[in-house]
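Residue-level structure breakdown
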Amino acid sequence: MKSHYSITETPFQYRQLCWFCGEPKEFLFSFPHSKWRVLDCAHPAIKVSACKECKRFASQAKVDSIWDVHIHVKQALMKHYHKDLAIGLNWTKEELDESEFEGGNFEGFKKSAWFVYEVAKGRVSYQPWPLIVNGETLEYLPEKEAFHV
């Protein structure tokens with residue numbers, strides 16, 4: 001594993017955001033990371049900004065590129081927030097506003113459900129900025145094609 005990591009260049013407007021989901025950053029995630037040995041990485045060893053949750057998911061990825069880590073994190077976020085994302089499948093904002101959930105157990109749901117859905121949807125849908133190291137944009141290379149006999 002490479003011991004020198006390059007910090008990717010972050011556009012000014014994104015300097016405080018997680019590269020994976022757009023939430024406020026807390027850490028730098030290093031790839032390749034210490035929990036997974038990468039023998040054939042197509043890009044230099046890099047660090048990207050990450051929130052606590054995305055860093056945890058990223059550290060569990062056993063993949064060969066930062067873009068595959070990104071896919072892994074998105075899948076983990078979808079699994080983690082599946083109930084929150086289901087709100088948008090089962091309701092519209094107008095239906096929640098017009099629902100008769102006053103009083104009782106569902107009043108809190110009525111007040112916060114759409115906001116919770118929008119936050120979860122925003123994190124899962126977030127598109128990261130291009131990765132630039134030493135002035136050069138790292139190109140996304142799709143997963144290697146399988147060898148067929």
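Our structure is the block above this text.
All values reported here derive from a predicted model rather than from experimental measurement. All chains use their own residue numbering, which begins from 1 and follows the written sequence. Under the rules for a predicted model, residues below a pLDDT of 70 receive no local features and side-chain atom pairs below 80 are neither given nor counted, while totals for whole chains, interfaces and linings still include all residues. Note that the side-chain values use all heavy atoms of the structure and ignore hydrogens as well as water.

**Points about the nonpolar core**
Within the largest apolar cluster, 32 residues are counted, with the highest numbers of intra-cluster contacts made by Phe20, Phe29, Ile66 and Val69. Numbering of helices and strands runs from the N terminus; a helix is a DSSP stretch of H or I covering at least four residues, while a strand is a stretch of E covering at least two. A total of 6 residues in this core trace back to one element, the largest contributor, which is helix 2 (residues 66–80). Here, nonpolar core means buried Ala, Val, Leu, Ile, Met, Phe, Trp, Tyr and Cys residues that are tied together by side-chain atoms lying within 4.5 Å of each other. Each residue gets one of three labels from its accessible area relative to the maximum for its type: buried under 20%, exposed over 50%, partly exposed in between, using a 1.4 Å probe on protein chains only.

**Some details on the side chain of Ser59**
When you line up the elements, Ser59 lands in helix 1 (residues 52–59). Overall, Ser59 belongs to the buried group, its relative accessible area being 18%. Apart from residues no more than four positions distant in its own chain, Ser59 is found in contact with Phe29, His33 and Lys35. Contacts are assigned to residue pairs with any non-hydrogen atoms lying within 4.5 Å of each other.

**Comments concerning the packing of aromatic side chains**
Two aromatic rings, taken as a pair, are described by how far apart their centres are and by the angle between their planes. In summary, the pairing rule links any two rings of Phe, Tyr or Trp, Trp by its six-membered ring, whose centres are within 6.5 Å, and it sorts them by plane angle into stacked for under 30 degrees, edge-to-face for over 60 and tilted for everything else. Tallied over the entire structure, the rule returns 4 aromatic pairs. Seen in terms of ring centroids, Tyr14 and Trp129 are 5.1 Å apart; in terms of plane orientation they differ by 10 degrees. Their pairing is stacked. Highlighted residues: Tyr14 in the loop between strand 1 (6–7) and strand 2 (27–31) and Trp129 in the loop between helix 5 (107–125) and strand 4 (132–133), separated in sequence by 115 residues. Of the residues examined, Tyr14 reaches a relative accessible area of 28% and is grouped as partly exposed. Summarising the aromatic geometry, the rings of Trp19 and Phe20 are spaced 5.2 Å apart at their centres and angled 75 degrees between planes, so their arrangement reads as edge-to-face. Judged by relative accessible area, Trp19 falls into the buried class, the value being 2%. One aromatic cluster is present, built from ring pairs that chain together Trp19, Phe20 and Phe29.

**Section: the environment of Lys111**
Here Lys111 is to be found in helix 5. Its relative accessible area of 67% is what places Lys111 among the exposed residues. For Lys111 and Leu96, which are 15 residues apart along the polypeptide, the C-alpha to C-alpha distance reads 8.4 Å.

Read these as spatial facts, not as claims about activity.
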